[in-house]
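These are the residues of each chain, in order.
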Amino acid sequence: MSDAKIPVLIDCDPGIDDAVALTLAFGCGRLDVLGVATVAGNTTGENTYRNARKFLSFIGAEVEVARGADKPMLRPLVTAPDVHGKTGLGAIGETEDGGTGNDVTDTAGRSALDLITEILLNHPTKVTLIPVGPLTNIAIAFLARPEIKDRIEKIVLMGGAALEGNRTPAAEFNIYVDPEAARVVFDSGVPITMIGLDVTHQALIYPDEIEALRKLGLVGRIVAELMDFYGHHYRKRFEGNPIHDALAVAAVFEPDIVSTRHVNVCVETSGEFTLGRTVVDFRGVTGREPNCDVALGVDRERFINLIFAAVQNLERRREVRSRE
Ligand code: RIB
Ligand code: CA
């Protein structure tokens, strides 16, 4: 295994599981996160931008955060307050500093489009994209600056489902919010790994594991509190919480943590009952070229161990900072 860190760009809509994805990305020690772009999805664009800066400040991640689209390309925004709370970070999002003790002053930086374009065109090697929200920012960048596609190693995205959806019976939330953007990305020709509900609904963190996290200092406590809120929604259906977005991050630096099939995936953008469906052609009946590695199996225990290790690393760094 190479010791070199993998250069990545994260595009997210924090969002509770997005926050855990950022925890893993900055705590695993295996990724060079060149930038973080935010997009409206789980909550408004204003909230996702603030939540990303607040949470990254809390975990001590020094990285540029760029605000992206406040709405899908063609449709009104659909959010998920029932899952992530009205400000997007569960209960910790309700207080001004989000319960993290971090003063987050607003900084009007450059746009997500400028961040994505500049990093991809100037980084010395190809960059892996990790979109874990609606694909609006990525699609806009591809349409505005198509030359950036050649600078992408691959896209490892959280989204889609070969089987059941979660926003509708047919569609997973990220794809459902902006199906036209998802179609642009899946039709782009850039290599894609789809970390969909088929595996994220297996990548559960269980209550006893959340209690173990809670004992890992302030970082562990905050992540556990995010999981507590998330559990209010998911406990109706699962014994644990699916940490959807964090699995996409794990699959970048440990690709064999999931098992995949290389097949054609296209996105439904007009179906009355199937809008946002990722149509996965496992048997090749359409004759369309395979364009995506669809994840179907996951090593859950290995995934949870990565989360624990990342939280412990960040807590150690936080303690050092607090003594400075
Ligand atoms: O369907 C799960 C996805 O939708 C995750 O990315 C979650 O954060 C929400 O955005
Ligand atoms: Ca997300």
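Residues numbered from 1 in each chain as written. Chains lettered and ligands numbered in written order. Predicted model: local features only at pLDDT ≥ 70, side-chain atom pairs only at ≥ 80, totals over all residues. Heavy atoms only, no water.

Chemist: An account of the pairing of strand 4 (residues 127-131) is requested, with residue identities and associated values reported.
Modeler: In terms of residue burial, strand 4 counts as a mostly covered element, since 5 of its 5 residues are buried. Here strand 4 shows no split at all, with Val127, Leu129 and Pro131 on one side and Thr128 and Ile130 on the other all buried. By the bridge criterion, 4 bridges tie strand 1 (residues 6-12) to strand 4 in an arrangement that is parallel. From the neighbouring strand, valine 8 faces strand 4, where its bridge partner is threonine 128. Looking at chain direction, strand 4 and strand 5 (residues 152-158) are connected through 3 bridges and run parallel. (Buried < 20%, exposed > 50% of the residue type's maximum accessible area, 1.4 Å probe, protein only. Helix = DSSP H or I, 4+ residues; strand = E, 2+ residues; numbered from the N terminus. Pairing = 2+ DSSP bridges.)

Chemist: Any chance you could break down the coordination of the calcium ion (ligand 2) for me, citing the residues and the numbers?
Modeler: For the calcium ion (ligand 2), every protein donor is listed as Asp13 (OD), Asp18 (OD), Asp18 (OD), Val132 (O) and Asp245 (OD), and the spread of their distances is 2.2 to 2.7 Å. Mapped onto the polypeptide sequence, the residues donating to the calcium ion (ligand 2) form the spacing pattern D-x4-D-x113-V-x112-D. You can see aspartate 18 sitting in helix 1 (residues 16-27) and its partner aspartate 245 sitting in helix 11 (residues 244-253), a full 227 residues away along the chain. We note that aspartate 18, like aspartate 245, is buried. (Donors = N, O, S within 2.8 Å, 3.2 Å for Na, K, Ca; no water.)

Chemist: Explain the nonpolar core residue by residue, including any values.
Modeler: Counting residues in hydrophobic clusters, the biggest one holds 74 residues, and the most contacted among them are Leu24, Phe26, Leu31, Val36, Leu247 and Phe303. The residues contacting phenylalanine 303, other than those within four sequence positions of it, are Leu24, Ala203, Ile243, Ala246, Leu247, Ala250 and Ile257. (Core = buried A, V, L, I, M, F, W, Y, C linked by side-chain atoms within 4.5 Å. Contact = heavy atoms within 4.5 Å.)

Chemist: So what's going on with the layout of surface pockets? Residues and values would help.
Modeler: Rolling a probe over the atoms, with the probe sized like a water molecule, indicates the empty space that remains. Put simply, the largest pocket is a space of about 380 Å³. Along the walls of the largest pocket sit 25 residues, with Val83, Asn166, Phe173, His233 and Tyr234 positioned nearest its centre. Elements that contribute at least two residues to the lining of the largest pocket include exactly helix 1, helix 3 (81-84), helix 6 (173-177), helix 10 (217-234) and helix 11. In terms of residue class, the lining of the largest pocket is made up of 9 nonpolar, 8 polar and 8 charged. (1 Å grid on protein atoms, 1.4 Å probe; cavity = no way out; pocket = protein on both sides within 12 Å on 5 of 7 lines; lining within 4 Å. Points joined across faces, edges and corners; volume = space filled by probe spheres on them. Nonpolar A, V, L, I, M, F, W, Y, C, P; charged D, E, K, R; others polar.)

Chemist: For the site of ligand 1, give the residues involved together with the corresponding values.
Modeler: Close to ligand 1 lie 13 residues, the nearest being Asp17, Asn166, Glu172, Asn174 and Asp245. Within the side chain of aspartate 13, a nitrogen or oxygen atom sits 3.1 Å from an oxygen atom of ligand 1. Within the contact set of ligand 1, an oxygen atom lies 2.9 Å away from a backbone nitrogen or oxygen of valine 132. In isolation ligand 1 has 280 Å² of accessible area, and contact with the protein removes 97% of it. If you map ligand 1 onto the pockets, it falls in the largest pocket. Every element with two or more residues in the shell around ligand 1 is listed here: helix 1, helix 6 and helix 11. For the shell around ligand 1, the residue count by class is 3 nonpolar, 5 polar and 5 charged. (Near = heavy atom within 4 Å. Polar contact = N/O pair within 3.5 Å; in protein donor to acceptor, adjacent residues only side chain to side chain. Areas by Shrake-Rupley, 256 points an atom, 1.4 Å probe, with all protein chains shown as cover. Sits in = over half its atoms within 2 Å of the grid points.)

Chemist: Let's hear about the pattern of salt bridges: which residues, and what values?
Modeler: Taken as a whole, this structure holds 16 salt bridges when the rule is applied. Note that arginine 214 is salt-bridged to glutamate 211, the shortest N-O span being 2.8 Å. One end of the pair is arginine 214 and the other is glutamate 211, both in helix 9 (residues 207-214) and 3 residues apart, which spans about a single turn. Glutamate 211 gets classed as partly exposed once you look at its relative accessible area, which sits at 36%. Put simply, Arg30, Glu254, Asp256 and Arg302 are held in one network by salt bridges that share partners. (Salt bridge = Lys/Arg side-chain N within 4 Å of Asp/Glu carboxyl O.)

Chemist: Kindly report on the side chain of aspartate 17, identifying the contributing residues and their values.
Modeler: Along the chain, the position of aspartate 17 falls in helix 1. For the buried aspartate 17, no salt bridge exists, and the shortest N-O distance to an oppositely charged side chain is 12 Å, to arginine 167. Reaching out from aspartate 17, the side chain makes a polar contact with the backbone nitrogen of aspartate 245 at a distance of 3.2 Å. Look past the residues within four positions of aspartate 17 in its chain and what remains in contact with it is Asn42, His84, Tyr230, Ile243, His244, Asp245 and Ala246. (Lys, Arg positive; Asp, Glu negative; His and termini not counted.)

Keep in mind that these numbers describe shape and distance, not what the molecule does.
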